[in-house]
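# Chains, contacts and geometry: an overview
Next come the chains, spelled out residue by residue.
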Amino acid sequence: MFVFWCLIFLSACVLAYQLSLHAALEVLVDQREASKAKALDTCLIVVFKDESSLLPGLLDDLVQLKANEISCFLVDDHSTDEGPELVRSFATDHEHLMYQRLPDDVHGKKAGLHHVLSRVNAEYILLTDADCSIPNAGFVERMRSALAAGADLVVGSGLMHVPATWIGQSYAHITLQQHVLFHAAIAWKLPYMAVGRSMAFRLDAYKASGAMSGHLSHSSGTDDLLLQDFVRAGMRIVSRPDALTYSYAPISLSAWVKQRSRHLSVGDRYPIQVLLMIWTTAMLPILFTLACVLFFFYQPFTLLGILSLFILLLLTKLTDIILMQFLDAARVQLYRQYLPWLDVVVSSVNALISAMAASRMPKQWTRRT
């Protein structure tokens, strides 16, 4: 009887949590239609290293941004491939594209950003990565409109191109789950995470927040730690899930582990309530799956096994509804065919991979292999 009431209580908590996620995403949809901003002094910065195979797609997208009155700085972190020549070629033909190589004593994405940001003179700064694509000009306008409306830092979305492989689809699904949580947390006034491939801020707010001085020696976590600088400074963080870029999902387990190790490298700096939220969301499907199996094999608790299965199905269905709601807020159609009933398997695999990744040293630059 005690176990029964524990399951009922846990079910009520799960339902309340899902409803709060739903309400948070409704707030994001309401905030989505901000008024258009004037084309103010805006700079997009991309730090790249040995990305010659991925740069052409990004450069084609950046060429299309010229009409948005934006300058684009492509910053070379000592590449050894043909990437710099490719960027210089595009910059010759398009005056809003500018190539810059970091000095010999400056290395890494974070140090590169810090170096460039100390020298540019723009009101608004947008960030993305060299392996990204920008699907339309709405990325710039939505970031700029949020900044013009008073935001100090804007958190966008960096989803994944969904490949044919199961590993890639699973990683894209996990990325989508993460976006739901960190965007909802902004609506709850508890921002903890952003993605460096889709964020923007006021340059004066960046300088007032400390200009990353507290974590320049940390090789990873540029996006999360920068956001937390803004939070500590009491600045206004705004969510724009429809300010969207796409990146490439890992297609091997080793690449998945590398990506997870980079994400986990700054997890110890999250508030305790955020860590509880993340781990609870990840572990609930696994726990209810185990409960189903254990109770079904022990006859006196068969009814509890049925109850656990019902809760698991309800949790999965509610999660799918929440994910669809987020995709509507982000104006995305691509993922819909991959959503139903993935959570149990994908969350289990991701939990195991996270455990492996926790024992690895984070790497600042990773190749998509």
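Refer to the structure presented above.
Residues numbered from 1 in each chain as written. Predicted model: local features only at pLDDT ≥ 70, side-chain atom pairs only at ≥ 80, totals over all residues. Heavy atoms only, no water.

### A closer look at the side chain of Ser198
Note the threshold: A run of DSSP states H or I qualifies as a helix once it reaches four residues; a run of E qualifies as a strand once it reaches two. Both are numbered from the N-terminal end. Remark: exposure states derive from per-residue accessible area (1.4 Å probe, protein chains only) relative to the maximum for the residue type, with buried under 20%, exposed over 50%, and partly exposed in between. The contact criterion used is simple: two residues touch if any of their non-hydrogen atoms lie within 4.5 Å.
Secondary-structure assignment places Ser198 in the loop between α6 (166-187) and β6 (199-202). By relative accessible area, which is 0% here, Ser198 ends up buried. Beyond its immediate chain neighbours, meaning those up to four positions away, Ser198 contacts Leu127, Phe139, Met143, Val154, Val155, Gly156, Ser157, Gly158, Ala243 and Thr245.

### Quick word on the nonpolar core
This is how it is decided: In these notes, a set of buried Ala, Val, Leu, Ile, Met, Phe, Trp, Tyr and Cys residues joined through side-chain atoms within 4.5 Å is what counts as a nonpolar core.
By size, the foremost hydrophobic cluster in this structure holds 54 residues, and its most contacted members are Ile45, Ile125, Tyr192, Phe201, Tyr206 and Phe230. No other element matches α6, which puts seven residues into this core. Not counting chain neighbours up to four residues away, the residues in contact with Tyr192 comprise Gln178, Leu181, Phe182, Ala185, Asp224, Leu227, Gln228, Tyr270, Val274, Met277 and Ile278. Judged by nonpolar contacts, the second largest core, of 30 residues, contains Leu62, Ala130, Ala146 and Leu147.

### Topic: the state of the cysteines
Note on terminology: disulfide describes a covalent bond linking the sulfur atoms of two cysteines. Let me state the cut-off plainly: Any two cysteine sulfur atoms within 2.5 Å of one another count as a disulfide.
If you walk through the whole model with that rule in mind, you get zero disulfides. Cys43 takes part in no disulfide bond, and the closest cysteine sulfur, belonging to Cys72, lies 7.4 Å away.

### Description of the environment of Asp320
Along the chain, the position of Asp320 falls in helix α11 (residues 302-329). Separated by 143 residues in the primary sequence, Asp320 and Gln177 have C-alpha atoms spaced 9.8 Å apart.

### With respect to the sheet that holds strand β7 (residues 237-248)
The criterion, for reference: Strand pairing follows a simple DSSP-based rule, namely that at least 2 bridges must link the two strands. Orientation is described by lines fitted to C-alpha atoms, with helices fitted over the stretch in contact, and by angles between N-to-C directions that extend from 0 to 180 degrees.
Spatially, seven strands are ordered β3-β2-β1-β4-β6-β5-β7 in an open sheet, and the strand pairing comes out mixed. The open sheet has two free edges, formed respectively by β3 (97-101) and β7, since each of these has just one partner strand. Direction aside, the axes of adjacent strands within the sheet are offset by 25° on average. Across seven bridges, strand β1 (residues 42-48) lies against strand β2 (residues 70-76) in parallel orientation. When the sheet's bridge partners are listed, Phe48 is paired in β2 with Asp76. Its contacts with the sheet place helix α3 (residues 83-93) against β1, β2 and β3, and it is angled at close to 145° to β3.

### Quick notes on the pairing of β3
Defined as follows: By convention a crossover is right-handed if, when the strands point away from the viewer, the path from the first strand over the helix to the second runs clockwise.
Two strands pair when backbone bridges link them, and β2 and β3 are joined in this way by five bridges, in the parallel orientation. Its bridge partner being in β3, Phe73 is matched across the sheet by Met98. The handedness of the β2 to β3 crossover, carried by α3, is right-handed.

### Remarks on the packing of α6 against α11
Our working rule: Angle categories are assigned with fixed cut-offs, so that under 35 degrees is roughly parallel, over 145 is roughly antiparallel, 65 to 115 is roughly perpendicular, and the rest are oblique.
For the pair α6 and α11, interaxial distance at closest approach is 10 Å and the crossing angle is 75°. When the axis of α6 is compared with that of α11, the two are roughly perpendicular. From α6, His173, Leu176, Gln177, His179, Val180 and His183 reach across to α11, where they touch Ile322, Leu323, Phe326 and Leu327.

### Observations regarding the packing of helix α10 (residues 272-296) against α11
The following threshold applies: In this scheme the crossing of two helices becomes right-handed for a clockwise turn of the near helix relative to the far one and left-handed for an anticlockwise turn of less than a right angle. Put simply, Ala, Val, Leu, Ile, Met, Phe, Trp, Tyr, Cys and Pro go in the nonpolar bin, Asp, Glu, Lys and Arg in the charged bin, and everything else, Gly too, in the polar bin.
Interaxial distance between α10 and α11 falls to 8 Å at its minimum, and their mutual angle equals 155°. As far as their axial angle goes, α11 and α10 are roughly antiparallel. Regarding α10 and α11, the two cross each other, and that crossing is left-handed. Contacts between α10 and α11 pair Leu284, Pro285, Phe288, Thr289, Ala291, Cys292, Phe295 and Phe296 from the former with Thr302, Leu304, Gly305, Ile306, Ser308, Leu309, Ile311, Leu312 and Leu315 from the latter. Looking at the contact of α10 with α11 residue by residue, the class counts come to 13 nonpolar, four polar and no charged.

### Topic: unusual backbone geometry
At Lys189, a residue that is not glycine, the phi angle is positive and equals roughly 65°. Residue placement: Lys189 occurs in the loop between α6 and β6. Relative accessible area serves as the criterion here: at 72%, Lys189 is assigned to the exposed category. Residue Arg331 is not a glycine yet carries a positive backbone phi of 60°.

### A short note on the packing of aromatic side chains
The description of two aromatic rings rests on the distance between their centres and on the angle between their planes. What counts is decided by this rule: Two rings from Phe, Tyr or Trp (for Trp, the six-membered ring) form a pair when their centres sit within 6.5 Å of each other. Planes less than 30 degrees apart are called stacked, planes more than 60 degrees apart edge-to-face, and all others tilted. For a Lys NZ or an Arg CZ to count as sitting over a ring, it must be within 6 Å of the ring centre and within 35 degrees of the ring normal.
Enumeration according to the criterion identifies two aromatic pairs in this entry. Seen in terms of ring centroids, Phe201 and Tyr206 are 5.4 Å apart; in terms of plane orientation they differ by 25°. Their pairing is stacked. Grouping residues by exposure puts Phe201 and Tyr206 together as buried. Taking 5.9 Å as the distance between ring centres and 50° as the angle between the ring planes, the aromatic pair formed by Phe201 and Phe230 counts as tilted. On the criterion of sequence distance, the pair formed by Phe201 in strand β6 and Phe230 in helix α8 (residues 222-232) is long-range, its members being 29 residues apart. Among the aromatic residues, those joined into a ring-pair cluster are Phe201, Tyr206 and Phe230. In this arrangement the basic side chain of Arg88 is found over the ring face of Tyr99, its NZ or CZ atom lying 4.9 Å from the centre.

### Describing the pattern of salt bridges
As a reminder, the rule being used: One speaks of a salt bridge when a side-chain nitrogen belonging to Lys or Arg is within 4 Å of a carboxyl oxygen belonging to Asp or Glu.
Inspection of the entire model under this criterion finds eight salt bridges. Arg142 is the partner of Asp242 in a salt bridge, and the nearest nitrogen-oxygen pair spans 3.7 Å. Remark: Arg142 occurs in helix α5 (residues 138-148) and Asp242 occurs in strand β7; sequence separation between them is 100 residues. Each of the two residues, Asp242 as well as Arg142, counts as buried. Note that Asp242 and Arg240 form a salt bridge whose closest N and O atoms lie 3.0 Å from each other. Just as Asp242 is buried, Arg240 falls in that class too. Salt bridges sharing partners connect three or more residues here, namely Arg142, Arg240, Asp242 and Arg331.

Geometric descriptors of this kind do not, in isolation, establish any biological role.
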